[in-house]
Amino acid sequence: MQTHHPGGGVRSSEASRERTTQVFAEALACVGHASRGVVYLIIGSLACMAAVGEGGSTTGFSGAFAMLLRQPFGQIMLMLLACGLACYGLCQMVMAVRHPHAALASKGVAARRVTLIPVGLFYFGMALAAAQLVRHARRFRSDSQVARDGTATLMSYPLGRWAVAGVGIGIMIFGLYQLFSAYRGDRRHQFHSAALGPAGRTWIEAISRFGIGARGIVFVTIGVFLIAAAYWKDPRQARSVGGALHTLARQPYGPWILGIVALGLVAFGIRELLMAAHRRLDA
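Cut-offs used in this document
Residues numbered from 1 in each chain as written. Predicted model: local features only at pLDDT ≥ 70, side-chain atom pairs only at ≥ 80, totals over all residues. Heavy atoms only, no water. Axes fitted to C-alpha atoms, helices over the stretch in contact; angles between N-to-C directions. Helix = DSSP H or I, 4+ residues; strand = E, 2+ residues; numbered from the N terminus. Parallel < 35°, antiparallel > 145°, perpendicular 65-115°, else oblique. Contact = heavy atoms within 4.5 Å. Nonpolar A, V, L, I, M, F, W, Y, C, P; charged D, E, K, R; others polar. 1 Å grid on protein atoms, 1.4 Å probe; cavity = no way out; pocket = protein on both sides within 12 Å on 5 of 7 lines; lining within 4 Å. Points joined across faces, edges and corners; volume = space filled by probe spheres on them. Patch = residues over 30% accessible without salt bridge, like charges linked within 9 Å, V, L, I, M, F, W, Y side chains within 5 Å. Areas by Shrake-Rupley, 256 points an atom, 1.4 Å probe, with all protein chains shown as cover. Salt bridge = Lys/Arg side-chain N within 4 Å of Asp/Glu carboxyl O. Buried < 20%, exposed > 50% of the residue type's maximum accessible area, 1.4 Å probe, protein only. Core = buried A, V, L, I, M, F, W, Y, C linked by side-chain atoms within 4.5 Å. Phe/Tyr/Trp six-rings, centres within 6.5 Å; stacked < 30°, edge-to-face > 60°. Lys NZ or Arg CZ within 6 Å of the ring centre and 35° of its normal. Left-handed = near helix turned anticlockwise from the far one by under 90°. pLDDT = per-residue confidence, 0-100.

### Here we look at the packing of helix H7 (residues 197–232) against helix H8 (residues 241–249)
Part 1 of the argument: Where H7 meets H8, the closest approach of the two axes is 9 Å, and the angle between their N-to-C directions is 95 degrees. Looking at the two axes, H7 sits roughly perpendicular to H8. Here Ile217, Val218, Thr221, Ile222 and Phe225 of H7 come into contact with H8, specifically with Val241, Ala244, Leu245, Thr247 and Leu248.
Part 2 of the argument: Looking at the contact of H7 with H8, its residues break down into eight nonpolar, two polar and no charged.

### Details of empty space enclosed by the protein
Leftover empty space is mapped by rolling, across the atoms, a probe with the size of a water molecule.
Part 1 of the argument: The tally for this structure, following the rule as stated, stands at two cavities of 30 Å³ or more.
Part 2 of the argument: If you trace the second largest cavity, you find it lined by Tyr40, Arg215, Val218, Phe219, Val241 and Leu265.
Part 3 of the argument: In terms of residue count, the dominant contributor to the lining of the second largest cavity is H7 (three residues).
Part 4 of the argument: Its residues assigned to classes, the lining of the second largest cavity comprises five nonpolar, no polar and one charged.

### Observations concerning a nonpolar patch on the surface
Part 1 of the argument: A cluster of nonpolar side chains, Phe24, Leu90, Ile117, Leu121 and Phe124, forms an exposed patch at the surface whose accessible area comes to about 410 Å².
Part 2 of the argument: Ranked by residues supplied to the nonpolar patch, first place goes to helix H4 (residues 110–135) with three residues.
Part 3 of the argument: As for its placement among the helices and strands, Phe24 is situated in helix H1 (residues 8–51).
Part 4 of the argument: Look at Phe24 and you get partly exposed, because its relative accessible area is 41%.

### As for the nonpolar core
The nonpolar side chains of soluble globular proteins are, as a tendency, buried together.
Part 1 of the argument: Counting 50 residues, the largest nonpolar core has Phe65, Leu78 and Leu245 as its most contacted members.
Part 2 of the argument: Those residues in contact with Leu245, other than ones at most four positions away along the chain, are Ile43, Ala47, Thr58, Thr59, Val218, Leu258, Val261 and Leu265.
Part 3 of the argument: One finds Ala25, Leu28, Cys91 and Met95 within the second-largest nonpolar core, a separate group that totals eight residues.

### A few points about the environment of Val38
Part 1 of the argument: Examined against the element boundaries, Val38 turns out to sit in helix H1.
Part 2 of the argument: In the structure, Val38 is positioned 231 residues away from Gly269 in sequence and 6.3 Å away in space, judged by C-alpha atoms.
Part 3 of the argument: Excluding residues that lie within four positions of it along the chain, Val38 makes contacts with Leu81 and Leu273.

### Quick look at the packing of aromatic side chains
Part 1 of the argument: Under the defined criterion, the tally for this structure stands at nine aromatic pairs.
Part 2 of the argument: Ring geometry for Tyr88 versus Tyr123: centroids 4.8 Å apart, planes at 65 degrees, classification edge-to-face. Here Tyr88 is found in helix H3 (residues 74–97), whereas its partner Tyr123 is found in helix H4, with 35 residues between them in sequence.
Part 3 of the argument: Given a relative accessible area of 6%, Tyr88 falls into the buried group.
Part 4 of the argument: Put simply, the rings of Tyr40, Phe61, Phe65, Tyr88, Phe122, Tyr123 and Phe268 touch in pairs and so form one group of aromatic residues.
Part 5 of the argument: The ring of Phe225 is capped by Arg239, whose NZ or CZ atom sits 4.4 Å from the centre of that ring.

### Here's the deal with the packing of helix H6 (residues 160–184) against H7
Part 1 of the argument: Look at H6 against H7: their axes get within 7 Å of each other, and the N-to-C directions meet at 160 degrees. By the angle between their axes, H6 is roughly antiparallel relative to H7. For H6 against H7, the interelement crossing comes out left-handed.
Part 2 of the argument: Its residues assigned to classes, the contact of H6 with H7 comprises 21 nonpolar, six polar and four charged.

### Some details on the confidence of the model for the protein
Part 1 of the argument: For the protein, mean pLDDT is 85; residues scoring 70 or higher make up 84% of the total.
Part 2 of the argument: Ignoring residues within four places in sequence, the model shows residues 102–107, a span with pLDDT below 50, making three contacts including any to other chains.

### What about the pattern of salt bridges?
Part 1 of the argument: The tally for this structure, following the rule as stated, stands at four salt bridges.
Part 2 of the argument: Among the ionic pairs, Arg209 bridges to Glu205, the shortest N-O distance being 2.6 Å. With Arg209 and Glu205 both in helix H7, this residue pair falls four residues apart, about one helical turn.
Part 3 of the argument: Exposure remark for Arg209: the relative accessible area of 29% places this residue in the partly exposed category.
Part 4 of the argument: The buried category is assigned to Glu205, whose relative accessible area is 8%.
Part 5 of the argument: A salt bridge links Arg271 to Glu272; its shortest N-O distance comes to 2.9 Å.
Part 6 of the argument: What makes Glu272 buried here is its relative accessible area of 0%.

In structure tokens:
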């Protein structure tokens, strides 16, 4: 004789939805991390070449898109990359609205969920920029132009100068947090360790720390220049990723500084590719 448990069907349905959300978010995360890894590999590689005087350039997302577009089958590759970046943005939105692992609710991540929304919007914007470049390659604008134009537009509104300063402070704090995370954080829990082994976990930890630290330096530099733009009321002070790398290259021992940071961005790209293959979404 079978017994019916009240609410059992509801719980089963909820569990099924949670599992579906988890699988969907994991698929988006896999594609998104791989696409983000490709972008950072291109940016870091070009900066490494510039540091050693072998061509290359200090560029950001737009420059990486343009370089990819110039390759054989560049339009196809750039459209695939745009789709991947959109997947990353959508993954952030899914986790912000309904994280597929309900256990995270007990770990105090409500504030972190809020931060996922602007990250998702940023990568949607990058995906749109890549798609537009495929259609209108002649309208290419560098990251520096986008940063200056965006800063000028924001400053044109009431209290816009303060908004620019606030954005700069936020980016700088994010960069400092990345540096702190690189120094103190342990990223091994973000990966499925069984498939990596002890040596693999050690290497992933080293690569992650190096890559996250280099990215932190870039974001601190961007934040400082945005604050300077607000202080001097000069949008031309604003910098992008490429502008931040160019500024580092102009410092004393600039080629060495640029080379180290560029290698770090390459390491971050490698980390993202490893995240695509071995990420634990519940971490």
